[in-house]
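# Chain and residue survey
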Amino acid sequence: MFKRLVTAAVTAVLIAGLGACGQGGDTHDEVSNHALDAGQDDGSTAGQPATTATEDPSVVGVRDQVRHRAAQTTLATRPRMTKKCTTTTHRVKHTTTTGSGTKRRSRSWYSTDHSTSCEKVRTGTQTYRRVVRPERWCVRLDDVGGDPKKDDVWFQVTPTTYHSAVGADERAHLEFAPTGSGC
């Protein structure tokens, strides 16, 4: 009788625990004042605020200048690591038995087991080119976001955007998604 009560209690605790973890429920996000589904993520956008224009990563402005800064490198040294392997052997005894009772016979033989272990070992140094400054493609805009007071603002861009800006007329209106600010 006692076992049945313990089993029933354990089952009830498991069901309650799994029920609390499985379905999830609606919670409230106090920062954005929106209800959010705390259950499984199904990829839907229900309960999320609508995207506003301030979250758009693209910038708009009038083309001023373009600049390509090549990568800057320097010679540096680092340890040269090489792989050093050692082979070891040890003797292994094998035994087999046949028959039963008084007609039981054993036969033994030996074999050699080979194993290899490798490790990286420092063997001097090597010279390589270390990148001090990565390659950058930049575009400078005037009237950023339509504001005539925001002039001469540099943006880092992709090579494709850079080449489009190089091909555009001077003072052409450009819109692109920058990869960084400054140049």
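Predicted model, so just to flag it, every value in this text is computed and none were measured. (Residues numbered from 1 in each chain as written. Predicted model: local features only at pLDDT ≥ 70, side-chain atom pairs only at ≥ 80, totals over all residues. Heavy atoms only, no water.)

### Focus: unusual backbone geometry
Convention followed: Secondary structure counts use DSSP, requiring at least four H or I residues in a row for a helix and at least two E residues in a row for a strand, with both numbered from the N terminus. Exposure categories follow from relative accessible area, calculated using a 1.4 Å probe and restricted to protein chains: below 20% of the type maximum is buried, above 50% is exposed, and the middle band is partly exposed.
The phi angle at Asp152 is positive, at roughly 55 degrees, despite the residue not being glycine. Within the fold, Asp152 resides in the loop between strand E6 (136-142) and strand E7 (153-157). The class of Asp152 is partly exposed, set by a relative accessible area of 45%. A positive phi angle is found at Arg171, which is not glycine, with a value near 70 degrees.

### Structural notes on the environment of Arg69
This is how the line gets drawn: By the convention used here, residues are in contact when the closest approach between their heavy atoms is within 4.5 Å.
By the secondary structure assignment, Arg69 is in strand E3 (residues 59-69). The partly exposed category is assigned to Arg69, whose relative accessible area is 24%. Between the C-alpha atoms of Arg69 and Cys183, which are 114 residues apart in sequence, the distance is 8.5 Å. Apart from residues no more than four positions distant in its own chain, Arg69 is found in contact with Arg133, Pro134, Glu135, Arg136 and Cys183.

### Comments concerning the packing of aromatic side chains
What describes a pair of aromatic rings is the distance from one ring centre to the other and the angle between the planes of the rings. Condition: Side-chain rings of Phe, Tyr and Trp (the six-membered ring for Trp) are treated as a pair once their centres are within 6.5 Å; stacked means planes under 30 degrees apart, edge-to-face means over 60, and tilted covers the remaining angles. Only when the NZ of Lys or the CZ of Arg is both within 6 Å of the ring centre and within 35 degrees of the ring normal is a charge said to sit over the ring.
Applying the stated criterion across every chain yields a total of one aromatic pair. The cationic tip of Arg78 hangs over the ring face of Tyr128; the distance from NZ or CZ to the ring centre is 3.9 Å. We note Arg91 situated over the ring of Tyr110; from NZ or CZ to the ring centre the distance is 4.0 Å.

### Comments concerning the sheet that holds E3
Formally: A pair of strands counts as paired when DSSP detects no fewer than two bridges linking them. Fitting a line to C-alpha atoms yields each axis, with helices limited to the stretch in contact; the angle taken between N-to-C directions then spans 0 to 180 degrees.
One open sheet accounts for five strands, arranged E8-E3-E6-E7-E9; its pairing is antiparallel. What marks the edges here is a single partner per strand, and that holds for strand E8 (173-176) and strand E9 (180-181). Where E3 and E6 come together, seven bridges link them in antiparallel fashion. Paired with Gln65 across the bridge in E6 is Arg140. Running over the sheet, helix H2 (residues 159-167) touches E3, E6, E7 and E8 and is turned about 105 degrees from E3.

### Quick look at the state of the cysteines
Our working definition: Cysteine sulfur atoms are paired as a disulfide whenever they fall within 2.5 Å.
This structure, assessed with the given rule, holds two disulfides. A disulfide bridge connects Cys85 with Cys118, and the sulfur atoms are separated by 2.0 Å. Looking down the S-S bond of the Cys85 and Cys118 bridge, the torsion is 105 degrees, so its handedness is right-handed. Highlighted residues: Cys85 in strand E4 (residues 72-98) and Cys118 in strand E5 (residues 105-133), separated in sequence by 33 residues. For Cys85, a relative accessible area of 41% corresponds to the partly exposed category. In this model, Cys138 is linked to Cys183 through a disulfide, with the two sulfur atoms separated by 1.9 Å. Residues Cys138 and Cys183 are joined by a disulfide whose S-S torsion is about 85 degrees; by sign, that bridge is right-handed. Linking Cys138 in strand E6 with Cys183 in the segment after E9, this pair joins segments that are 45 residues apart in sequence. Of the two residues, Cys138 and Cys183, neither departs from the other in class, the shared state being buried. In the chain, the bonded cysteines, numbered by position in the sequence, are linked as 1-2, 3-4.

### Remarks on the side chain of Asp142
The following threshold applies: Polar contact is defined as a pair of N or O atoms within 3.5 Å, subject to the rule that within protein one atom must be able to donate a hydrogen and the other to accept it, and that residues adjacent in sequence are counted only when both atoms are side-chain atoms.
Relative to the helices and strands, Asp142 resides in strand E6. By relative accessible area, which is 8% here, Asp142 ends up buried. Side-chain polar atoms of Asp142 contact the backbone nitrogen of Asp152, separated by 2.9 Å. Here Asp142 is in contact with Gly61, Val62, Asp64, Lys150, Asp151, Asp152 and Arg171, once residues within four sequence places are set aside.

Taken by themselves, the reported measurements are silent on function.
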